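# Structure assessment
So the chains spell out like this:
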Amino acid sequence: GVQTCALPIFGDDDALPRLRITPALPSVVEGHAGNVTVPLQIRLVNEFGVAIESGRPVTVTWNTAAGTATVFGNATETPDAVYTFQTVTFQPGDKTKDIAVEVVGDTRPEADEQFFVNILNASNAMLDPVDQKLNHAVVTILDDEVADPGPWYVEFAKKEFVVSESAGHADITL
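Residues numbered from 1 in each chain as written. Predicted model: local features only at pLDDT ≥ 70, side-chain atom pairs only at ≥ 80, totals over all residues. Heavy atoms only, no water.

### Considering the nonpolar core
Keep this limit in mind: In plain words, nonpolar cores are sets of buried Ala, Val, Leu, Ile, Met, Phe, Trp, Tyr and Cys residues tied together by side-chain atoms within 4.5 Å. Relative accessibility decides the category of a residue: with a 1.4 Å probe and only protein chains considered, values under 20% of the type maximum give buried, values over 50% give exposed, and everything between is partly exposed. The numbering of helices and of strands both runs from the N terminus, where a helix is a DSSP run of H or I of at least 4 residues and a strand a run of E of at least 2. Residues count as neighbours in contact if any of their non-hydrogen atoms are within 4.5 Å of one another.
Ile42, Val60, Val101, Phe115 and Val117 are the most contacted members of the largest nonpolar core, which has 25 residues in total. Put simply, the parts of the chain that give this core at least two residues each are β1 (18–22), β3 (35–45), β4 (58–66), β5 (85–90), β6 (96–104), β7 (113–123) and β9 (136–142). Ignoring sequence-local partners within four residues, the contact set of Ile42 consists of Leu19, Arg20, Ile21, Val60, Trp62, Val88, Phe90, Lys95, Thr96, Lys97, Ile99 and Ile119.

### Observations regarding the packing of aromatic side chains
Inclusion rule: Ring pairs shown here join Phe, Tyr and Trp side chains whose ring centres sit within 6.5 Å, with only the six-membered ring taken for Trp; geometry is labelled stacked below 30 degrees between planes, edge-to-face above 60, and tilted in between.
In the structure shown here, the tally under the stated rule is 1 aromatic pair. An angle of 25° between the planes, with centres 4.8 Å apart, marks the rings of Phe72 and Tyr83 as stacked. Taken as a pair, Phe72 in the loop between β4 and β5 and Tyr83 in the loop between β4 and β5 lie far apart in primary sequence, 11 residues in all. Accessibility expressed as a relative area gives 56% for Phe72, which makes it exposed.

### Considering the environment of Gly67
As for its placement among the helices and strands, Gly67 is situated in the loop between β4 and β5. In this structure Gly67 comes out as partly exposed when scored by relative accessible area, which is 39%. Sequence separation between Gly67 and Phe116 is 49 residues; the distance between their C-alpha atoms is 6.5 Å. Leave out the neighbours within four places in its chain, and Gly67 touches Gln114, Phe115 and Phe116.

### What about the pairing of β4?
The line we're drawing: DSSP-based pairing: two strands are paired if at least 2 bridges between them are found.
Both β4 and β5 contribute to a ladder of 6 bridges, which runs antiparallel. Counterpart to Val60 in the pairing with β5 is Val88.

### Things to note about unusual backbone geometry
Residues Thr22 and Pro23 are joined by a peptide bond in cis, for which omega reads -10°. Examined against the element boundaries, Pro23 turns out to sit in the loop between β1 and β2 (27–29). Backbone geometry places Asn124, a non-glycine residue, at a positive phi of 65°. In this structure, Asn124 sits in the loop between β7 and β8 (126–127).

### Things to note about the side chain of Thr84
Relative to the elements of secondary structure, Thr84 occurs in the loop between β4 and β5. Taking the relative accessible area as the measure of exposure, Thr84 reaches 12% and is therefore buried. Ignoring sequence-local partners within four residues, the contact set of Thr84 consists of Trp62, Asn63 and Thr64.

### Examining the environment of Ala66
Looking at the secondary structure, you find Ala66 in strand β4. When the C-alpha atoms of Ala66 and Asp80 are compared, they prove to be 9.1 Å apart, with 14 residues separating the residues in sequence. For Ala66, the residues in contact, after removing those within four places along its chain, are Val71 and Phe116.

So this is what it looks like as structure tokens:
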């Protein structure tokens, strides 16, 4: 007789992981020159916010966006942070992906400023519908310049200086 073999087909009914950026409210001191790196993580989480892994590859696209801080410069001013647009891929078994954004140091006295790191879209995962930060992190740039503490005063080393007219010059100590 004829033998037949049946192969079972298993459907993938696992819930899609949700995405979160941590920390959600990082802050960094701006610095006076060069760039300062701000480390962040994109996490796969379940409906309770607990880190999980996925059995499927997960692709996530993210970017930086201006808030009170700029991410694009112009001819006269450098940006406060570097614009970044990236895609990261979680392999099956991964729970987190490290990402980084950069803050540009300057010497301009200004108020503290903020910019956003946004999760734009994903495959095999979903933007978290209960994420209180609306699927983004808010990075605060802490300004480290101080305003001019003036008015400035000059104080002489002594009250009187006696100089002969014929000397041609006088050395006066402040």
